[in-house]
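Architecture at a glance
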Amino acid sequence: PSDSSQRGKKLIHFLTLAVLLNVSFIIEVMGWEIAGYSIRTFVFGWISVQLFGFFQKPLTRTFVGWGLKAGITGIFLSYFALAAGSVKDSLGHLHVMFIAGLGLITLMVATRVTVAHGGGSLDLELRSKTIFAVISCFLLSALLRTFVGMQLDTIFIFSASVAFLLAIVLWSSKLAKLMWKI
């Protein structure tokens, strides 16, 4: 196949995924939450495996790589739980998606960018106990948040909040020197 033919197929592939993803939100708003979550679970799973190579062995194992995989897993599991019909505790699943998913992915990408453009050593990605602690705090926060359900006055919500804030403080203190050349 020619290069233009391959590019055309990839473009159709990406557009199809984009349309499906956006349609899933419209379907959810129309009252068919489980159908919308199911489509999103499929699209996100497909992107994770086919485009991000989720199950492929990494060339180098890094804490940042593990954090990215944990974030992808958090998003996928949240959508899967919502698609499976556990909408009664959708707030808990959405928090897991944002804490263990989007929050963790954001900080891992920011770590990579900060290290690469801030002149830091790439060893930070490989061996930093602080980055490992940040990942652990995010995952602990998400796990504790799942136990809360709709009861926001428990020790779990307080502990989840403390773990989340600790992750942010640890990450900021570790990378502040590179970000602001302190």
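Predicted model, so just to flag it, every value in this text is computed and none were measured. (Residues numbered from 1 in each chain as written. Predicted model: local features only at pLDDT ≥ 70, side-chain atom pairs only at ≥ 80, totals over all residues. Heavy atoms only, no water.)

Quick look at the packing of helix H2 (residues 33-51) against helix H3 (residues 63-83)
Following both chains from N to C, one finds H2 and H3 inclined at 150 degrees, their axes separated by 8 Å at the closest point. In terms of orientation, H2 and H3 fall into the roughly antiparallel class. For the element pair H2 and H3, the recorded crossing hand is left-handed. Across the interface between the two elements, Ile34, Tyr37, Ser38, Arg40, Thr41, Phe44, Gly45 and Ser48 of H2 pack against Ile72, Ile75, Phe76, Tyr79, Phe80, Leu82 and Ala83 of H3. Across the contact of H2 with H3, the residue classes break down as 10 nonpolar, four polar and one charged. (Axes fitted to C-alpha atoms, helices over the stretch in contact; angles between N-to-C directions. Helix = DSSP H or I, 4+ residues; strand = E, 2+ residues; numbered from the N terminus. Parallel < 35°, antiparallel > 145°, perpendicular 65-115°, else oblique. Left-handed = near helix turned anticlockwise from the far one by under 90°. Contact = heavy atoms within 4.5 Å. Nonpolar A, V, L, I, M, F, W, Y, C, P; charged D, E, K, R; others polar.)

Some thoughts on the packing of H3 against helix H4 (residues 90-118)
Viewed as axis vectors pointing N to C, H3 and H4 meet at an angle of 160 degrees, and their least axial separation amounts to 8 Å. It follows that H3 is roughly antiparallel to H4 by the angle criterion. Our pair here, H3 against H4, has a crossing hand that is left-handed. Considered class by class, the residues forming the contact of H3 with H4 number 18 nonpolar, eight polar and no charged.

Looking at the confidence of the model for the protein chain
Averaged over all residues, the pLDDT of the protein chain equals 84, while 94% of them reach at least 70. Taking the mean pLDDT of every element in the protein chain, the minimum, 76, falls on helix H5 (residues 123-127) and the maximum, 90, on helix H1 (residues 3-29). (pLDDT = per-residue confidence, 0-100.)

Observations concerning H2
When the terminal C-alpha atoms of H2 are compared, their 26 Å separation across 19 residues agrees well with the 27 Å that a helix rising 1.5 Å per residue should span. Of all the residues in H2, the buried ones are Gly36, Tyr37, Arg40, Thr41, Val43, Phe44, Gly45, Ile47 and Ser48. Turning to H2, the residues buried within the fold contact H1 and H3. With its phi angle positive at about 60 degrees, glycine 53 sits one or two positions after the end of H2. (Expected span 1.5 Å × (residues − 1). Buried < 20%, exposed > 50% of the residue type's maximum accessible area, 1.4 Å probe, protein only.)

Quick look at the layout of surface pockets
Within this model, the largest pocket holds a volume of roughly 370 Å³. Around the largest pocket, the lining comprises 16 residues; the ones closest to its centre are Gly53, Phe54, Pro58, Gly65 and Lys69. Looking at which element gives the most residues to the lining of the largest pocket, the answer is H3, with six residues. Looking at the lining of the largest pocket residue by residue, the classes come out as eight nonpolar, five polar and three charged. Every residue along the wall of the second largest pocket is listed here: Leu21, Arg40, Val43, Phe44, Ile47, Ile75, Tyr79, Met97, Phe98 and Leu102. (1 Å grid on protein atoms, 1.4 Å probe; cavity = no way out; pocket = protein on both sides within 12 Å on 5 of 7 lines; lining within 4 Å. Points joined across faces, edges and corners; volume = space filled by probe spheres on them.)

Some thoughts on the packing of aromatic side chains
For any pair of aromatic rings, geometry is given as the distance between the ring centres together with the angle between the planes. Going through the model one piece at a time under the given rule, you end up with six aromatic pairs. Ring geometry for phenylalanine 63 versus phenylalanine 132: centroids 5.4 Å apart, planes at 45 degrees, classification tilted. Taken as a pair, phenylalanine 63 in helix H3 and phenylalanine 132 in helix H6 (residues 129-148) lie far apart in primary sequence, 69 residues in all. Here phenylalanine 132 falls in the partly exposed class, since its relative accessible area comes to 45%. Between phenylalanine 76 and phenylalanine 80, the ring centres sit 6.2 Å apart and the planes meet at 20 degrees, which makes this aromatic pair stacked. (Phe/Tyr/Trp six-rings, centres within 6.5 Å; stacked < 30°, edge-to-face > 60°.)

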